[in-house]
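This is what each chain is made of:
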Amino acid sequence: MHRVFNSPVDSIVFDTGHQSYVHKLLTGRKNFDNLRQKDGIAGYPQRSESEHDIVESSHASSSLSWADGIAKAYRLTGQDDRYVVALIGDGALTGGMAWEALNNISDDNDRKLVIIVNDNGRSYAPTIGGFARTLNDIRTEQTYRKLYRLSRKFFERFGWLGRSAFSMIRGAGKGLLGSVTPKSMFPNLDLKYIGPIDGHDLEAVEQALEQAKKYAYPVIVHVITQKGKGFDPAMLNEADQFHAVGQINPETGESLETATSSWTKVFGSELVQLAENNDRLVAITGAMLNPVGLGEFAKRFPNRVFDVGIAEQHAVTSAAGMAFGGLHPVVAVYATFMNRALDQVLMDVALHKEGVTFVLDRAGVTGPDGASHHGMWDLAIFQVVPNIRIAAPRDANLLRELLGEAVAIEDAPTLVRFGKGSVDENINALRRLDDGVDVLFESSAKDVLLVAVGSMAKIALQVTSLLAAQGIGVGAVMARLVEGDAMRARAEVENGENPRAGRAAGTNSRPSPTSSRPRSPSRSAAGPSTRS
């Protein structure tokens, strides 16, 4: 890209920015000693670091909309000599926003806009869906071409007889292969397509980009790469091919980090236990099956887990439909990505009083992951949702307890949030008040009251010790729910009062047909089909 295009005159936009390290090296940032640390190089593009960086957000599928807007601005301001280059992965193309941008780019296609699709069949996990199957077909076409060349060389060794045999065999197979292999990634869009190109053949990639530049109109360059290529431990890592790798032995790829019990592991294990006793429980995620702890669930219940790709809005509304149909969906995503689906939580889940549980991993500040990965907006955003119950557990035991209560609520959304990293040791409450508040510490004097949320309970207890040592009377409490009626929720679970609760009294019962809310009708109840 940097040989063919002239950054920063030409604007280069990275989708999520995971791919930008080489870009940073080529634009003068060569000291990576403090990578992702204070005063060091950021893990994503950063405008404060360089004029070559444009989009800092690490949320996927937005690059094409950025590129569309920048290209329009250049055209309207007379900067016709400037190109816009967007680099997007096939995983990000599962997000609906990317397709909205493509629709607009193809409608207004007189701009110098180059879209490079880095196709390695993965985002965090293998790319899924119908589009992924299309890309697989294109890769198959490339394999076919390679086999064609090799087989032709083989038959030519036998002179005219070999050439005749080759022509007959090729003629028999050409019609079939020609009917099933696609010629473009987007055959219905008015966009020029170049590819597929071997992304590890630098000369071929540069030639394709030169061709795209000369075209001077929107064009897609389809580049096929292998994630982790050149490092065997990464290529052999089935989970994510070291997408989110920590400190490792560079020779073996083995982790150098001490294994601890994380919030994610506790959630994943408990969800499996709940699903063992409730066959209505299903799990949904957005291209993050293993990062959010659903790997064990997927192995145990492969037909009850749905990876929708990078499509949080679809995930939430699909979950509402599943709840209407008699299931209880658990939507597990990183807290920062849940921001994208507020409208669907409001209008599709809460408005219709559907029982959907949202589990937000990486809630709060996430350390070196960057500003757009911090999950610090969900508490403020989702407290506006009517009738929602928001829980922030302080330890593993309370996480298990609150998750069990959440999946038993069938007439409103529930949300459980927890942070990144290791889970704190269990903190036993002195007692539980009638309103669901846990008393963690109290003294005879009543000078100061500390109210903790989630894992801040540990810090609250540390503060009580410091204050008590100074003779200050202090108490520390923690609400089991940040939002919602804790005791009503618990009573419904224990007493089976919720008419739609699938786990009332510890059973696997389906929603009662006498439920006060309409459910998805059966064929017999709905009568004959009205479709002709």
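Our structure is the block above this text.
Let us look at the structure shown here. (Residues numbered from 1 in each chain as written. Predicted model: local features only at pLDDT ≥ 70, side-chain atom pairs only at ≥ 80, totals over all residues. Heavy atoms only, no water.)

A word on the overall build of the chain
For clarity, the cut-off: Helix numbers and strand numbers start at the N terminus; a helix is a DSSP run of H or I with at least 4 residues, a strand a run of E with at least 2. Three labels apply to residues, based on accessible area from a 1.4 Å probe with only protein chains included: buried if under 20% of the type maximum, exposed if over 50%, partly exposed otherwise in between.
From N to C terminus, the chain includes 17 helices and 16 strands. By residue count, 48% of the 532 residues in the chain fall in the buried class.

As for helix H3 (residues 96–107)
At 3.6 residues per turn, the α-helix brings residues three or four places apart onto the same side. Heads up, the condition is: In this scheme, a helix's expected span is set at 1.5 Å multiplied by one less than its residue total. Within this analysis, the arc is defined by the directions that extend from the helix axis to the C-beta atoms. Between two residues, a contact is recorded if the distance between any of their heavy atoms is within 4.5 Å.
The first and last C-alpha atoms of H3 sit 17 Å apart over 12 residues, in line with the 16 Å expected at 1.5 Å per residue. Turning to H3, its buried residues number three or more, namely Ala98, Ala101, Leu102, Ile105 and Ser106. What you see down the axis of H3 is that its buried residues fit within an arc of 130°, all on one side. Of the exposed residues in H3, the ones pointing more than 90 degrees away from its buried face are Glu100 and Asp107. Elements that come into contact with the buried residues of H3 comprise helix H2 (63–76), strand S2 (84–89), strand S3 (113–119) and strand S5 (219–224).

Points about the nonpolar core
A general trend in soluble globular proteins is that nonpolar side chains are found buried together. Note the threshold: The set of buried Ala, Val, Leu, Ile, Met, Phe, Trp, Tyr and Cys residues whose side-chain atoms join them within 4.5 Å is what this entry labels a nonpolar core.
If you look at the biggest cluster of nonpolar residues, it comprises 44 residues, and the most contacted ones within it are Phe267, Leu271, Leu294 and Phe297. The set of elements that each furnish at least two residues to this core consists of helix H8 (263–276), strand S6 (281–285), helix H9 (295–300), strand S8 (328–334), helix H14 (396–406), strand S14 (448–452), helix H15 (456–469) and strand S15 (474–479). Per-element accounting of this core gives the leading share, 7 residues, to H8. Beyond its immediate chain neighbours, meaning those up to four positions away, phenylalanine 297 contacts Leu271, Val272, Ala275, Leu281, Val282, Ala283, Pro302, Arg304 and Val305.

What to know about the packing of helix H10 (residues 312–324) against helix H12 (residues 342–350)
The criterion, for reference: Angles shown run from 0 to 180 degrees and are taken between the N-to-C directions of axes, each axis being a line fitted to C-alpha atoms and, for helices, limited to the stretch in contact. Oblique is the label for every angle not falling under 35 degrees (roughly parallel), over 145 degrees (roughly antiparallel), or within 65 to 115 degrees (roughly perpendicular). Think of it as three bins: nonpolar holds Ala, Val, Leu, Ile, Met, Phe, Trp, Tyr, Cys and Pro, charged holds Asp, Glu, Lys and Arg, and polar takes everything else, Gly as well.
Remark: H10 packs on H12, axes separated minimally by 9 Å, with the N-to-C direction vectors making an angle of 10°. Regarding the angle of H10 to H12, the classification is roughly parallel. Facing H10, whose interface residues are Gln313, Val316, Thr317 and Ala320, H12 presents Gln344, Val345, Asp348 and Val349. Among the residues making up the contact of H10 with H12, the classes are represented as 4 nonpolar, 3 polar and 1 charged.

A few points about the sheet that holds strand S13 (residues 437–441)
Strand-to-strand pairing in sheets goes through backbone hydrogen bonds, with the strands running parallel or antiparallel. Threshold: At least two DSSP bridges between two strands are required for those strands to pair.
Strand order across the open sheet formed by 4 strands is S12-S13-S15-S14, with mixed pairing between neighbours. The open sheet terminates on both sides in strands that have one partner only, identified here as strand S12 (431–432) and S14. Sheet topology note: the S12/S13 ladder contains 2 bridges and is antiparallel. For arginine 432, the partnering residue across the bridge sits in S13 and is aspartate 438.

A few points about the sheet that holds S8
Pairing is mixed in the open sheet, where 7 strands are placed in the order S7-S6-S8-S9-S11-S10-S16. For this open sheet the edge positions go to strand S7 (305–307) and strand S16 (481–483), each flanked by a neighbour on one side alone. Between one strand axis and the next, the sheet turns by 25° as a mean value, whatever way the strands run. Judged from the 3 bridges that link them, S6 and S7 form a sheet pairing that is parallel. The partner of alanine 283 across the bridge, within S7, is valine 305. Along the sheet, H10 contacts S6, S7, S8 and strand S9 (357–361); its crossing angle with S8, the most-contacted strand, is approximately 165°.

Side note on the packing of aromatic side chains
Applied cut-off: Pairing of aromatic side chains requires ring centres within 6.5 Å, counting the rings of Phe and Tyr and the six-membered ring of Trp. Pairs whose planes differ by under 30 degrees are stacked, by over 60 edge-to-face, and all others tilted. Over a ring means this: the NZ of a Lys or the CZ of an Arg is within 6 Å of the ring centre and within 35 degrees of the ring normal.
A complete count under the given rule lists 7 aromatic pairs for this structure. Each ring, one from tryptophan 263 and one from phenylalanine 418, has its centre 6.0 Å from the other, and the planes form 10°; the classification is stacked. Of this pair, tryptophan 263 sits in helix H8 while phenylalanine 418 sits in the loop between strand S11 (414–417) and S12, placing them 155 residues apart in sequence. Here the aromatic residues Trp263, Phe267 and Phe418 are joined through ring pairs into a cluster of three or more. Lysine 192 extends its terminal NZ or CZ atom over the ring of tyrosine 215, reaching a point 5.2 Å from the ring centre. Over the ring of phenylalanine 301 we find arginine 304; its NZ or CZ atom is 4.3 Å from the centre of that ring.

Examining H12
Along H12, the residues that are buried comprise Gln344, Val345, Val349 and Ala350. Down the axis of H12, the smallest arc covering the buried residues is 145°, so these residues share one side. Turning to H12, the residues buried within the fold contact H10, helix H11 (335–338), S9 and helix H13 (378–382).

Section: the pattern of salt bridges
Condition: We define a salt bridge as a contact between a side-chain nitrogen of Lys or Arg and a carboxyl oxygen of Asp or Glu at a distance within 4 Å.
Within this structure, the stated rule accounts for 22 salt bridges. The salt bridge partner of glutamate 312 is arginine 340, with a shortest N-O separation of 3.7 Å. Of this pair, glutamate 312 sits in helix H10 while arginine 340 sits in the loop between H11 and H12; the two residues are 28 residues apart in sequence, bridging distant segments of the chain. Among the residues examined, glutamate 312 registers a relative accessible area of 9% and is labelled buried. For glutamate 401, the salt bridge is made with arginine 432, and the minimal N-O distance between the two is 3.1 Å.

Some details on the side chain of threonine 264
Note on placement: threonine 264 falls in helix H8. Once residues lying within four places of it in the same chain are set aside, the contact partners of threonine 264 are Pro291, Val292, Gly293, Asp361, Arg362 and Phe418.

Some words on the pairing of S8
Where burial is concerned, most of S8 is hidden: 7 out of the 7 residues are buried. Across 4 bridges, S6 lies against S8 in parallel orientation. Bridge assignment links valine 282 to a residue of S8, and that residue is proline 329. Here S8 runs beside S9; their pairing, made up of 5 bridges, is parallel.

Let's talk about unusual backbone geometry
Of note, the amide linkage connecting serine 7 to proline 8 takes the cis form, showing an omega dihedral of 10°. In this fold, proline 8 is placed in the segment before strand S1 (11–14). The omega angle of the peptide bond from glycine 195 to proline 196 is 0°, so this bond is cis rather than trans. The phi dihedral of alanine 216 is positive, around 65°, even though this residue is not glycine. Position of alanine 216 relative to the elements: it lies in the loop between helix H6 (202–215) and S5.

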